[in-house]
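The primary structure of each chain is shown beneath.
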Amino acid sequence: MNQTIRRAVYAGSFDPPTNGHLWMIREAQALFDELIVAIGVNPDKRSTYSVQERIEMLEATTKEFPNVRITSFGNRFLVNYARSIDAQFIVRGIRTASDYEYERSMRYINSDLQPQISTVLLMPPREFAEVSSTMVKGMVGPEGWRDVVRRYIPGPVYEKILRDHETAAKLS
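The present account deals with the structure reproduced in this document. Because the structure is predicted, anything quoted here is derived from the model rather than measured. Within every chain, residues take consecutive numbers counted from 1 along the sequence as written. The model is predicted, so local features are restricted to residues of pLDDT at least 70 and side-chain atom pairs to those at 80 or more, both for listing and for counting; the totals for chains, interfaces and linings are taken over all residues. Side-chain numbers here rest on the full set of heavy atoms in the structure, without hydrogens or water.

**Side note on a nonpolar patch on the surface**
At step 1: On the surface, a nonpolar cluster with roughly 300 Å² of combined accessible area is contributed by F77, I109 and L113.
At step 2: Relative to the elements of secondary structure, L113 occurs in helix α4 (residues 97–113). Here, patches come from residues exposed beyond 30% relative accessible area and free of salt bridges, joined within 9 Å for like charges and within 5 Å for nonpolar side chains (Val, Leu, Ile, Met, Phe, Trp, Tyr). Areas reported here follow the Shrake-Rupley algorithm with a probe of radius 1.4 Å; residue values treat only the protein chains shown as occluding. Note on definitions: salt bridges are taken to be side-chain nitrogens of Lys or Arg within 4 Å of carboxyl oxygens of Asp or Glu. By the criteria applied, helices consist of DSSP H or I runs no shorter than four residues and strands consist of E runs no shorter than two, each listed in order from the N terminus.

Right under this line is the structure:
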């Protein structure tokens, strides 16, 4: 009996990865045989961290999950990338009503392009619903930021941000 591996892709910028991203990865890896966490590279968008730095942060954060693989892709639609790696599922998170409307529209467009790929929507718990990479980056710097930021990001990401902040402080 030939069984197909249930492979899903969870894509994002992960600039930097947050506890919300980690929750999504934890949930999705439990649902599928293999989860590809893919950093989408948009050349028109300025990132704080390089693709390699984001890969390293995600690898350190997800090392407890043997069925998770970290990679990146650029200049293609996510659904076409999913097809190229033989993923049958795209995992997306919805935190707000506007996220839902956007993801619903994208699901229909994706099914027009690749009807064999299904979209799975996960809704994180309340404590992660307001957390975003942009929010985390915006909190770094003011007095007391370390205690606040630490609550919203995985340990390896926090250590990276601390090192980078200390290096920047020494250079200025």
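There is more to say, and it comes next.
**With respect to the layout of surface pockets**
At step 1: Of the pockets and cavities examined, the largest pocket occupies roughly 1200 Å³.
At step 2: Taken together, 46 residues make up the lining of the largest pocket; nearest its centre are A11, G12, S13, R92 and E103.
At step 3: Counting only elements with at least two residues in the lining of the largest pocket, the list comes to β1 (7–12), α1 (19–31), β2 (34–41), β3 (68–74), α3 (78–84), β4 (89–93), α4 and α6 (133–139).
At step 4: Looking at which element gives the most residues to the lining of the largest pocket, the answer is α4, with nine residues.
At step 5: Asp, Glu, Lys and Arg are counted as charged, while Ala, Val, Leu, Ile, Met, Phe, Trp, Tyr, Cys and Pro are counted as nonpolar; the rest, among them Gly, fall into the polar class. Partitioned by chemical class, the residues of the lining of the largest pocket number 19 nonpolar, 17 polar and 10 charged. Lining residues are those with an atom within 4 Å of a point, where the points come from a 1 Å grid over the protein atoms alone and group into cavities, where a 1.4 Å probe fits but cannot get out, or pockets, open sets with protein on both sides within 12 Å along at least five of seven lines. Grid points are joined across faces, edges and corners, and a volume is the space filled by probe spheres set on the points.

**So, α4**
At step 1: Multiplying one less than the number of residues by 1.5 Å gives the expected span of a helix. Helix length check: α4 (17 residues) gives 25 Å between terminal C-alpha atoms against 24 Å at 1.5 Å per residue, within 8%.
At step 2: Restricting attention to buried positions, one finds in α4 the residues D99, E103, N110 and S111. When α4 is viewed along its axis, its buried side chains cluster within an angular range of 95 degrees and face the same direction. The exposed residues of α4 that point more than 90 degrees off its buried face are A97, S98 and D112.
At step 3: In what follows, a contact means two residues having at least one pair of non-hydrogen atoms within 4.5 Å. Each element contacted by the buried residues of α4 is listed here: α3, β4 and β5 (118–122). The classification of residues rests on relative accessible area computed with a 1.4 Å probe and restricted to protein chains. Under 20% of the type maximum is buried, over 50% is exposed, and intermediate values are partly exposed. Note that the arc is defined by the directions from the helix axis to the C-beta atoms.

**As for the nonpolar core**
At step 1: Residues enter a nonpolar core if they are buried and are Ala, Val, Leu, Ile, Met, Phe, Trp, Tyr or Cys, with the set joined through side-chain atoms within 4.5 Å. The biggest cluster of nonpolar side chains holds 21 residues, and the ones touching the most others in it are Y10, I25, L35, V37, L58, V68 and V91.
At step 2: Residue assignment for this core shows that the elements contributing at least two residues are β1, α1, β2, α2 (51–62), β3 and β4.
At step 3: If one sorts the elements of this core by residue count, α1 sits on top with five residues.
At step 4: Residue contacts for L58: discarding those within four places in its chain leaves F14, P17, I25, V37, I39 and I70.

**Quick look at the sheet that holds β1**
At step 1: When DSSP finds two or more bridges between a pair of strands, those strands are recorded as paired. Within the open sheet, the five strands sit side by side as β3-β2-β1-β4-β5. Their pairing is parallel. Looking at which strands have only one partner, the edges of the open sheet turn out to be β3 and β5. Taking the axes of each pair of neighbouring strands and ignoring which way they run, one obtains an average angle of 30 degrees across the sheet.
At step 2: Along the sheet, α1 contacts β1, β2, β3, β4 and β5; its crossing angle with β5, the most-contacted strand, is approximately 130 degrees. Where helices are involved, their axes are fitted lines through C-alpha atoms of the stretch in contact, as for all axes, and angles between N-to-C directions lie from 0 to 180°.

**Points about the environment of A82**
At step 1: Among the secondary structure elements, A82 is positioned in helix α3.
At step 2: For A82, a relative accessible area of 0% puts it in the buried group.
At step 3: Along the chain, A82 and D147 lie 65 residues apart, while their C-alpha atoms are 38 Å from each other.
At step 4: Not counting residues up to four positions away in its chain, the partners in contact with A82 are V9, A87, I90 and I117.

**Brief notes about the packing of aromatic side chains**
At step 1: Put simply, two rings from Phe, Tyr or Trp (the six-membered ring, in Trp's case) pair if the centres are within 6.5 Å, and we call them stacked under 30 degrees between planes, edge-to-face over 60, tilted for the rest. Under the definition given, this model contains three aromatic pairs.
At step 2: With centroids separated by 5.4 Å and ring planes inclined at 80 degrees, the aromatic side chains of Y10 and F14 adopt a geometry described as edge-to-face. Neither Y10 nor F14 differs from the other in exposure class; each is buried.
At step 3: Consider the rings of F32 and F89, whose centres lie 4.9 Å apart with planes at 40 degrees: the pair is tilted. Pair noted here: F32 is in the loop between α1 and β2 and F89 is in strand β4, with a separation of 57 residues, a long-range link.
At step 4: F89 gets classed as buried once you look at its relative accessible area, which sits at 14%.

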